[in-house]
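# Per-entry structural report
Letter by letter, the chains look like this.
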Amino acid sequence: MKDIFVVTHTQSIHHEEDKVGGWYDTDLTTRGHEDAAATAEQLLDLIGGNEVEIHSSDLRRASQTAAAIAKRFQRPVTETADLREISYGVAGGKPQAWLDARYSPAPDDNRLDYHCGIDGAETRRDVAARVYPCVNAIVERPCETQIIVTHGFTLTLVLAAWMKIPIDASGFLSFPAKSGSITHLRQDDFFRNRAVISLADASHLNS
């Protein structure tokens, strides 16, 4: 049986400053560090003493969340740029209002390749093209319990890759998640079904 726990990073400085995240690289806030510790405790309750691997986006807000988990489990972290948030190009680090005034939302056709109008920004297909192979490589590893620390937008494509939903069918998918959420995925040994046991659970965090 394979169990994967997908964590969205906890509160980051760009949240407090109401700035665009994406590849803009900021640290966790004080609350973010506290929530990361609480997330680590919840994962320990869920996983117990099982052998575990930890994989994370290399952006600081994710890697610092992963570091708190790694400290609790006494395990190393494997970081990769493939699990990063979607890039907002030149909008990264600018006030959220700047992006809101310029962002062009996707239409109901060709959502995967639609460009939002921001120089240097990734399309949904761009993100899927790096996330899908990364998730597949993690899943193929023999460790039966794995933790993946990523970002809010990227979470949807991590789940899509896990469910083996083709990239071309992922244009309308969205799984909203709060910071510090835990999604539990499981593949059973008999039917080989890939199930979502719990989705974006943040009940372990203070409101």
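Quick caveat, the model's predicted, so the values are computed rather than measured.

Reading the values: rules and limits
- Think of each chain on its own: its residues are numbered from 1, step by step along the sequence as written.
- Where local features are concerned, this predicted model is filtered to residues with pLDDT of at least 70; where side-chain atom pairs are given and counted, the filter is 80 or more; whole-chain, interface and lining totals use all residues.
- The basis for every side-chain value is the complete set of heavy atoms in the structure, and neither hydrogens nor water enter the calculation.
- Helix and strand labels come from DSSP, where a helix needs a run of H or I of at least four residues and a strand needs a run of E of at least two; each type is numbered from the N terminus.
- Per-residue accessibility, obtained with a 1.4 Å probe over protein chains only, is compared with the maximum for each type, and a residue is labelled buried under 20%, exposed over 50%, and partly exposed between these values.
- Note on aromatic contacts: the rings of Phe and Tyr and the six-membered ring of Trp form a pair at centre separations within 6.5 Å, being stacked when their planes are under 30 degrees apart, edge-to-face when over 60 apart, and tilted otherwise.
- Comment: the charge-over-ring label is applied if NZ (Lys) or CZ (Arg) is within 6 Å of the ring centre and within 35 degrees of the ring normal.
- The convention used is that axes are lines fitted to C-alpha atoms, helices contributing only their stretch in contact, and that angles between N-to-C directions extend from 0 to 180 degrees.
- In what follows, roughly perpendicular refers to angles from 65 to 115 degrees, roughly parallel to angles under 35, roughly antiparallel to angles over 145, and oblique to any angle outside these ranges.
- By definition, any crossing whose near helix is turned counterclockwise from its far helix by less than a right angle is left-handed, and any crossing with a clockwise turn is right-handed.
- The contact definition used throughout considers only heavy atoms, calling two residues in contact when any of these lie within 4.5 Å.
- At least two DSSP bridges between two strands are required for those strands to pair.
- Cysteine sulfur atoms are paired as a disulfide whenever they come within 2.5 Å of each other.
- UniProt positions are given in the numbering used here, feature names are shortened, and annotations may be inferred rather than shown by experiment.
- Two N or O atoms form a polar contact when they lie within 3.5 Å of each other; inside protein one atom must be a possible hydrogen donor and the other a possible acceptor, and for residues adjacent in sequence the pair counts only when both atoms belong to side chains.

### Quick look at the side chain of His55
- Relative to the elements of secondary structure, His55 occurs in strand 2 (residues 53–57).
- Judged by its relative accessible area of 7%, His55 falls in the buried class.

### Considerations on the packing of aromatic side chains
- A full pass over the atoms with the stated rule returns one aromatic pair.
- Each ring, one from Phe190 and one from Phe191, has its centre 4.8 Å from the other, and the planes form 85°; the classification is edge-to-face. We note that Phe190, like Phe191, is exposed.
- Note that Arg84 overlies the ring of Trp23, its terminal NZ or CZ placed 4.8 Å from the centroid.
- The ring of Phe172 carries the charged tip of Arg111 above its face, separated from the ring centre by 4.6 Å.

### Let's talk about the packing of helix 5 (residues 124–140) against helix 6 (residues 152–162)
- Where helix 5 contacts helix 6, the axes come no closer than 8 Å and their chain directions differ by 55°. Judged by the inter-axis angle, helix 5 sits oblique to helix 6. Of the two possible hands of crossing, helix 5 and helix 6 adopt the one that is right-handed. In this structure, helix 5 contributes Arg124, Val127, Ala128, Val131, Tyr132, Val135, Asn136 and Val139 to the contact, and helix 6 contributes Phe153, Thr154, Thr156, Leu157, Val158, Ala160, Ala161 and Trp162.

### What to know about the pairing of strand 4 (residues 145–150)
- Of all six residues making up strand 4, six are buried, and the element is well covered by its neighbours.
- Of the two faces of strand 4, both are covered, the one formed by Thr145, Ile147 and Val149 as well as the one formed by Gln146, Ile148 and Thr150.
- In this structure, strand 1 (residues 2–8) lies alongside strand 4, joined through six bridges in parallel fashion. Bridge pairing in strand 4 places Val7 opposite Val149.
- With four bridges connecting them, strand 2 and strand 4 associate as parallel partners. Each residue of the ladder has a partner; that of Ser56, found in strand 4, is Val149.

### Description of the state of the cysteines
- Within this structure, the stated rule accounts for zero disulfides.
- Note on Cys134: no disulfide assigned, nearest cysteine sulfur contributed by Cys143 at a separation of 15 Å.
- For Cys134, a relative accessible area of 10% corresponds to the buried category.

### What to know about the UniProt feature "active site" (unreviewed entry) in the protein
- This chain's UniProt record puts "active site" (unreviewed entry) on His9 and Glu85. The greatest C-alpha distance among the annotated residues, which extend across 77 residues, is 10.5 Å, indicating that they converge on a single site.
- By the element assignment, His9 lies in the loop between strand 1 and helix 1 (13–16).
- Once residues lying within four places of it in the same chain are set aside, the contact partners of His9 are His14, His15, Arg61, Ala62, Thr65, Thr150, His151, Ser179 and Gly180.
- Within polar-contact distance, the side chain of His9 engages the side chain of Arg61 at 3.2 Å.
- With respect to the helices, strands and loops of the structure, Glu85 is situated in the loop between strand 3 (77–80) and helix 4 (96–102).
- Classification of Glu85 as buried rests on a relative accessible area of 10%.
- When residues no more than four places from it in sequence are discounted, the contact partners of Glu85 are Gly22, Trp23, Leu59, Arg61, Glu122, Arg130, His151, Gly152, Phe153 and Thr154.
- Within polar-contact distance, the side chain of Glu85 engages the backbone nitrogen of Phe153 at 3.2 Å.

### Points about unusual backbone geometry
- The phi angle at Gln74 is positive, at roughly 55°, despite the residue not being glycine.
- Turning to its location among the elements, Gln74 is positioned in the loop between helix 3 (60–73) and strand 3.
- Phi at Asn110 is positive, roughly 50°, even though this residue is not glycine.
- Residue position: Asn110 is located in the loop between helix 4 and helix 5.

### Some thoughts on the UniProt feature "binding site: substrate" (unreviewed entry) in the protein
- Annotation from UniProt places "binding site: substrate" (unreviewed entry) at Arg61, Glu85, Ile86, Ser87 and Tyr88.
- As for its placement among the helices and strands, Arg61 is situated in helix 3.
- Residues contacting Arg61, with those up to four places away along its chain left out, are His9, Ser12, His14, Gly21, Gly22, Tyr24, Asp25, Thr26, Leu28, Glu85 and His151.
- For Arg61, the side chain forms a polar contact with the main-chain oxygen of Gly22, separated by 2.6 Å.
- Given the relative accessible area of 8%, Ser87 is considered buried.
- Once residues within four sequence positions are removed from consideration, Ser87 is found in contact with Trp23, Gly120, Ala121, Glu122 and Arg130.
- Of the polar contacts made by the side chain of Ser87, one reaches the backbone nitrogen of Gly89; its length is 3.1 Å.

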